[in-house]
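Take a look at the letters that make up each chain.
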There are 2 protein chains.
Amino acid sequence: MKEIVSIQFGKDQGPLYLQLYNHIKRLIVDKTFEIGDKLPPIRKVASQLQVNTVTVVSAYKLLEQNDYVYAKKGSGTYVADIKEVEEYMESQRELESSIHQNAENPKDVAGIALMTGGHIHIEKDSINFASATPTPAFFPVEDFKQVLMQVLDRDGGKAFGYDESNGYGALRAAIVSWLKTDYQIESHAQNIQIISGAQQGIDIIAKAFVNPGDYVLVENPTYTGAVAVFKSRGAKVVGVPIQRDGIDMEKLEKYIRIYRPKLIYTMPHYQNPTTFCYSDDKKVDLLKLVKDKKIYIIEDDFMSDLNFEKKYRTKTLKSMDQYHKVLYIKSFSKVLMPGIRLGFLAAPLMLFKQIMQAKHTSDIASSGLIQRAFHLYLKKGFWNKHLMHMKEVYYSRYVEIMKLLLEVEKMGGDVCKANGGLNIWVKLPEGVSGTALYQRCLEKKVLIVPGKIFYVGENKAQDNYIRLSYAATDIQQIKVGINKLCNCIQMLQNQDESDVYYSPLI
Amino acid sequence: MKEIVSIQFGKDQGPLYLQLYNHIKRLIVDKTFEIGDKLPPIRKVASQLQVNTVTVVSAYKLLEQNDYVYAKKGSGTYVADIKEVEEYMESQRELESSIHQNAENPKDVAGIALMTGGHIHIEKDSINFASATPTPAFFPVEDFKQVLMQVLDRDGGKAFGYDESNGYGALRAAIVSWLKTDYQIESHAQNIQIISGAQQGIDIIAKAFVNPGDYVLVENPTYTGAVAVFKSRGAKVVGVPIQRDGIDMEKLEKYIRIYRPKLIYTMPHYQNPTTFCYSDDKKVDLLKLVKDKKIYIIEDDFMSDLNFEKKYRTKTLKSMDQYHKVLYIKSFSKVLMPGIRLGFLAAPLMLFKQIMQAKHTSDIASSGLIQRAFHLYLKKGFWNKHLMHMKEVYYSRYVEIMKLLLEVEKMGGDVCKANGGLNIWVKLPEGVSGTALYQRCLEKKVLIVPGKIFYVGENKAQDNYIRLSYAATDIQQIKVGINKLCNCIQMLQNQDESDVYYSPLI
């Protein structure tokens, strides 16, 4: 049996057990001790090194907890297969990187990973139709750098202090006038809460208004990140079908009667994942429906700006909200860049105290530096300049991908023509499963999201849809990717037929 | 009765009711309609302006909801006292600004405001012993600007993308080696979660592990911002008395038996508000106590770095945590600057998945730009340079304030000699109430925090303590401020005696 020798305990190098742990760890990593080797018995080590047995026990325990060794009952402690540990770590890293690539929908890829048994490899040369996050190449780095510098020169230390609890005052004022001119939304600086992205907006609203056992209605299918928030507050989440012109009003009325929900979570523009938009009539109906009830509506407006029809100005639900029922969340991620971690919440004044408190207990305040920089960014007209640019980029991709997807329609599929946003919702030809297609595409290094994971309620989930995002794919990738996608669909169709052919007729 | 005339409805200026609302609002602000004036009846306005009555109703309703008018049942709609509304707004703004001045303890000032009936004015020339936030003048703006620039030049758009879900990899690796050398804490980049400040760390842990009805033990008195988080998750929060050498172990054992808590929230170094430090023995005892139980300990280490005894290296609880029981939260606010909104959480690997998910549903990720900048800041040795500087600054203030507080001890008070941190916990002379002293000091434009608000459980609250912070006061302000404080104590003592003198003897 190998022995643990030549350890020099240092006085100032921490507790003995920790020094011993590190020493043995090194012996394992150096392969002095190899996989399957038995560590010497505790008493022996203690007497050899003249330390207490507790020290050795602690060191061994720590080695075990960090997966360097494993204990066999009644036999002893053995060196584990570190490679296995390293592989585990590696797979964790991969899972992480795949999650962050689609991080605005953290649950999307996590959900896929779950569905497919936890193994998901995004290879570097993959074509990624799963990510709804714009490519870094389009981030307005130079403009943002300019405003950052200006803020630091102008404000010095103040840029790193605390701003007002609901956000930097000048930014809130700028947002108020921007909301008025660009969105016809009437607001006050007093009911704008700056948030660290849309996800935090949903989280704060849930924290402020949702108690365990409360019901929350959501569109079905919907953004899984919102569902996760409501569930984490102990809410019961019920899905209401979404139709081409908005939420199913009949079902909504019924569910309101049955469940008496506190909140309704909506994305009226280019809904995620369906890309459906509410008609103005439906917006009016929705507001009327809740006006005398103790129900609030969350309008998650993450891309009403990305509207390709130039003449048509999208009316937000909030702009029509004469009853003070809408909590309006705006994220800048999809237009600008996700890493800015900034957005805002416009809420009825009477709800504001609770929102401010929820923000406080969450993280006190959003970065003052970023707020000040974004204020200048807005003021200098950089936002509108960048928005115009991104609309052009996305529009050209949209045109390309829609042209190519005609092929899927020829095969019997149905493609929703959103004319805005950055997602496409595809109904697959009959008999083709979104999950199976996802797997097939993955093998061809094309990443898509099966529609199934967006559904609330197991029995409601439909597996004949997929969501394609064109935020992270250029025209060339779109050409190659959709071509591969079509091949995969065809293969599944043929296989289906052959399955039918070969399967015993009952 | 005045009339609403001369409104020009514009086709592209939004819904009619909104235009009407804005028109009447202007008439009120212009004083065409004055306080108490009755608005003309709805039918009349509708017929005069040739609009639907619903339009007028909606406009009136919106005016009411925004406090421009009020409706008297069966009588009509009257112009409200806007000045009153404006005063309300003004008082809200003041409350806000006072909260943000002490924003790491958002509930502190809010609590004071509550206790004193909601009116709190911090005048510009106040001496602020309530804020535990460093003065902007000491923020290392130039160094931070340098690393920000370097990151933008080096990483371009990548600085604004999403990083790994638990934080920028290079920063986590740097934190691991920093923890090892400076804190004797063994960790892996895999169990470091980057957070947007310590408050978010507490919030994430609560989200991951606390369910409604669970018990959480806290030191008593404690940081009110943590209590607010646990309560917002529906937890039952029980206070365990804190003693000069750490938490009361006897009571802790008993409460663990009775309540079977999920978490224990601790601040082992310069505890807020008492400034007490755990002895090493007590740290060992605490860890032993929970080692075989399903209990985790949060170590909120917001200022173990600010240790004025040069020879003595503070041992964190985490560095002694051989049982993997400690969730270690580190904030950079007190040393560096609050606006950086950055910290980290080092947690046992087996808890990590839940933590990562909780972070995700909270705000997906912390700002990548700030993470990358802080990584360089650490790597270039700026952190240690700045820490040394801040220790000097705080130490000189500490020496000054302790010297002056001898006066309070002469009057019968007791001042805790922390020799570190940036708070001082003062037991007042018998008969002097912290709340009364707070009021007296406020009149003299000296802001302190009455100890009472830090207590959990009404009946446990002690009103003969105050907390003084010297983070936001320079030596000159300390001299003037403590002098005024002593005068106020004396006045209260004298008043007490005279009260006794004049009050009828029973």
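The rules behind each value
- Residues numbered from 1 in each chain as written.
- Chains lettered and ligands numbered in written order.
- Predicted model: local features only at pLDDT ≥ 70, side-chain atom pairs only at ≥ 80, totals over all residues.
- Heavy atoms only, no water.
- Helix = DSSP H or I, 4+ residues; strand = E, 2+ residues; numbered from the N terminus.
- Buried < 20%, exposed > 50% of the residue type's maximum accessible area, 1.4 Å probe, protein only.
- Contact = heavy atoms within 4.5 Å.
- Areas by Shrake-Rupley, 256 points an atom, 1.4 Å probe, with all protein chains shown as cover.
- Salt bridge = Lys/Arg side-chain N within 4 Å of Asp/Glu carboxyl O.
- Least-squares fit on C-alpha atoms with pLDDT ≥ 70 in both.
- Arc of directions from axis to C-beta.
- Pairing = 2+ DSSP bridges.
- Axes fitted to C-alpha atoms, helices over the stretch in contact; angles between N-to-C directions.
- Buried area = accessible area lost by both parts, 1.4 Å probe.
- Polar contact = N/O pair within 3.5 Å; in protein donor to acceptor, adjacent residues only side chain to side chain.
- Core = buried A, V, L, I, M, F, W, Y, C linked by side-chain atoms within 4.5 Å.
- Domains from an automatic or database assignment.
- Phe/Tyr/Trp six-rings, centres within 6.5 Å; stacked < 30°, edge-to-face > 60°.
- Patch = residues over 30% accessible without salt bridge, like charges linked within 9 Å, V, L, I, M, F, W, Y side chains within 5 Å.
- Lys, Arg positive; Asp, Glu negative; His and termini not counted.
- Charge placed at Lys NZ, Arg CZ, Asp CG, Glu CD.
- Expected span 1.5 Å × (residues − 1).
- Bend = angle between axes of the 7 residues up to and from the residue.
- Parallel < 35°, antiparallel > 145°, perpendicular 65-115°, else oblique.
- Left-handed = near helix turned anticlockwise from the far one by under 90°.
- Nonpolar A, V, L, I, M, F, W, Y, C, P; charged D, E, K, R; others polar.
- pLDDT = per-residue confidence, 0-100.

1. Focus: the overall build of chain A
For step 1, the next point in the chain: Scanning chain A for helices and strands turns up 16 helices and 16 strands.
For step 2, the next point in the chain: Across the 506 residues of chain A, 61% fall into the buried class.
For step 3, the next point in the chain: The contacts in chain A between residues at least 6 apart in sequence include a share of 73% that link residues at least 24 apart.
For step 4, the next point in the chain: As displayed, chain A offers around 20700 Å² of accessible surface, 50% of which is attributable to carbon and sulfur atoms.

2. Side note on the pattern of salt bridges
For step 1, the next point in the chain: For the structure shown, the criterion picks out 38 salt bridges over all chains.
For step 2, the next point in the chain: With its nearest N and O atoms 3.1 Å apart, the salt bridge here joins lysine 330 of chain A to aspartate 301 of chain A. Remark: aspartate 301 of chain A occurs in strand E9 (residues 296–301) and lysine 330 of chain A occurs in strand E10 (residues 326–331); sequence separation between them is 29 residues.
For step 3, the next point in the chain: Taking the shortest distance from any N to any O, the salt bridge between glutamate 409 of chain B and lysine 417 of chain B comes out at 3.1 Å.

3. Digging into the relation of the copies chain A and chain B
For step 1, the next point in the chain: Once turned by 180° and shifted 0.1 Å along the axis, chain A lies on chain B with an RMSD of 0.2 Å. On this basis, the relationship between the two copies can be described by a two-fold rotation axis.

4. Examining the side chain of glutamine 19 of chain A
For step 1, the next point in the chain: As for its placement among the helices and strands, glutamine 19 of chain A is situated in helix H1 (residues 16–29).
For step 2, the next point in the chain: In this structure glutamine 19 of chain A touches Ile7, Gln8, Phe9, Gly10, Gln13 and Gly14 of chain A, once residues within four positions along its chain are discounted.

5. Digging into the environment of tryptophan 425 of chain A
For step 1, the next point in the chain: Residue placement: tryptophan 425 of chain A occurs in strand E13 (residues 423–427).
For step 2, the next point in the chain: Along the primary structure tryptophan 425 of chain A and leucine 179 of chain A are separated by 246 residues, whereas in three dimensions their C-alpha atoms are 29 Å apart.

6. Quick notes on helix H2 (residues 42–49) of chain A
All names here are of chain A.
For step 1, the next point in the chain: Every buried residue of H2 is accounted for by Val45, Ala46 and Leu49. Buried residues of H2, viewed axially, fall in a sector of 100°; they line one side. Structural note: H2 exposes Arg43 and Ser47 on the side pointing more than 90 degrees away from its buried face.
For step 2, the next point in the chain: Just past H2, the residue glutamine 50 takes up positive phi, approximately 55°.

7. Comments concerning the sheet that holds strand E7 (residues 246–247) of chain A
Two modes of strand pairing occur in sheets, parallel and antiparallel, and in both the strands are linked by backbone hydrogen bonds.
Residue and element names in this part refer to chain A.
For step 1, the next point in the chain: Ordered in space as E4-E11-E10-E9-E8-E5-E6-E7, the eight strands form an open sheet in which the pairing is mixed. Where the open sheet ends on each side, the last strands, each with one partner, are strand E4 (192–195) and E7.
For step 2, the next point in the chain: The sheet contact formed by strand E5 (residues 215–220) and strand E8 (residues 263–266) spans three bridges and is parallel. Within E8, the position partnered with leucine 217 by the bridge is isoleucine 264.
For step 3, the next point in the chain: Helix H10 (residues 249–259) contacts E5, strand E6 (236–243), E7 and E8 of the sheet and is inclined by roughly 165° relative to E6.

8. Description of the interface of chain A and chain B
For step 1, the next point in the chain: Listed by partner, the interface residues are 85 residues for chain A and 84 residues for chain B.
For step 2, the next point in the chain: Taken together, both faces of the contact between chain A and chain B bury some 7100 Å²; the carbon and sulfur share is 60%.
For step 3, the next point in the chain: Counting across the interface, chain A meets chain B through five salt bridges.
For step 4, the next point in the chain: Counting across the chain A and chain B interface gives 20 residue pairs in polar contact (both at pLDDT 80 or more).

9. Comments concerning the nonpolar core
Most often, soluble globular proteins keep nonpolar side chains buried together rather than apart.
For step 1, the next point in the chain: Ranked by internal contacts, the top residues of the largest apolar core, which has 294 residues, are Phe230 and Phe374 of chain A together with Phe230 and Phe374 of chain B.
For step 2, the next point in the chain: Contact partners of phenylalanine 230 of chain B, with chain neighbours within four places excluded, come to Ile202, Ala206, Val216, Val218, Ala235, Val237, Leu263, Tyr265 and Ile298 of chain B.

10. Details of the domain arrangement of chain A
For step 1, the next point in the chain: For chain A, the assigned domains read domain 1 (16–80), domain 2 (90–137 + 385–502) and domain 3 (141–382).
For step 2, the next point in the chain: Put simply, the middle of domain 1 of chain A and the middle of domain 3 of chain A, counted by C-alpha atoms, are 54 Å apart.

11. Quick word on the packing of aromatic side chains
For step 1, the next point in the chain: Per the counting criterion, the structure on display carries 45 aromatic pairs over all chains.
For step 2, the next point in the chain: Look at tryptophan 178 of chain A and tryptophan 383 of chain A: their rings are 5.5 Å apart centre to centre, the planes differ by 80°, and that puts the pair in the edge-to-face class. Of this pair, tryptophan 178 of chain A sits in helix H7 (residues 169–183) while tryptophan 383 of chain A sits in helix H14 (residues 382–410), and the two are 205 residues apart along the sequence.
For step 3, the next point in the chain: With relative accessibility at 7%, the residue tryptophan 178 of chain A sits in the buried group.
For step 4, the next point in the chain: Ring geometry for tyrosine 255 of chain B and tyrosine 259 of chain B: centres 5.7 Å apart, planes at 70°, overall edge-to-face.

12. Let's talk about the side chain of asparagine 220 of chain B
For step 1, the next point in the chain: Within the element layout of this structure, asparagine 220 of chain B appears in strand E5 (residues 215–220).
For step 2, the next point in the chain: Polar contacts involving the side chain of asparagine 220 of chain B include one to the main-chain amide nitrogen of valine 456 of chain B, which spans 2.8 Å.

13. Examining a negative patch on the surface
For step 1, the next point in the chain: The grouping of Glu250, Glu253, Asp281 and Asp285 of chain A at the surface amounts to a negative patch.
For step 2, the next point in the chain: With respect to the element layout, glutamate 250 of chain A can be found in helix H10.

14. Structural notes on H14 of chain A
For step 1, the next point in the chain: With 29 residues, H14 of chain A extends 42 Å from end C-alpha to end C-alpha; this agrees with the ideal 42 Å at 1.5 Å per step.
For step 2, the next point in the chain: If you look at H14 of chain A, its biggest bend is around 30°, right at leucine 404 of chain A.

15. A word on the packing of helix H8 (residues 198–209) of chain A against helix H9 (residues 224–232) of chain A
All names here are of chain A.
For step 1, the next point in the chain: Here H8 crosses H9 at 25°, and the two axes come no closer than 9 Å. One finds that H8 runs roughly parallel with respect to H9. For H8 against H9, the interelement crossing comes out right-handed. Along its contact with H8, which presents Gln199, Ile202, Asp203 and Ala206, the element H9 presents Gly225, Ala226, Val229 and Phe230.
For step 2, the next point in the chain: Class assignment for the residues of the contact of H8 with H9 results in five nonpolar, two polar and one charged.

16. Side note on the sheet that holds strand E15 (residues 449–450) of chain A
Residue and element names in this part refer to chain A.
For step 1, the next point in the chain: Strands sit in the order E12-E13-E16-E15 across an open sheet of four strands; the sheet is antiparallel. Bordering the open sheet on either side are strand E12 (414–415) and E15, each of which pairs with just one other strand.
For step 2, the next point in the chain: By the bridge criterion, two bridges tie E12 to E13 in an arrangement that is antiparallel. Bridged to aspartate 414 within E13 is lysine 427.

17. What to know about the environment of histidine 389 of chain B
For step 1, the next point in the chain: Checked against the element boundaries, histidine 389 of chain B lands in helix H14 (residues 382–410).
For step 2, the next point in the chain: In sequence terms histidine 389 of chain B and isoleucine 264 of chain B are 125 residues apart; their C-alpha atoms lie 33 Å from each other.

18. A word on the pairing of E13 of chain A
All names here are of chain A.
For step 1, the next point in the chain: Buried residues dominate E13, accounting for four of its five residues.
For step 2, the next point in the chain: Sheet topology places E13 next to strand E16 (residues 465–469); five bridges connect them, and they run antiparallel. The partner of asparagine 423 across the bridge, within E16, is serine 469.

19. Thoughts on the confidence of the model for chain A
Residues and elements named next belong to chain A.
For step 1, the next point in the chain: Looking at chain A as a whole, the pLDDT averages 86, with 88% of positions reaching at least 70.
For step 2, the next point in the chain: Low pLDDT, under 50, characterises residues 87–121; the predicted model gives this stretch 78 contacts beyond four residues in sequence or across chains.
For step 3, the next point in the chain: Below a pLDDT of 50 lies the segment residues 500–506, which in the model reaches zero contacts outside its immediate sequence neighbourhood of four places, other chains included.
For step 4, the next point in the chain: The ipTM assigned to the predicted complex is 0.75, against a pTM of 0.77.

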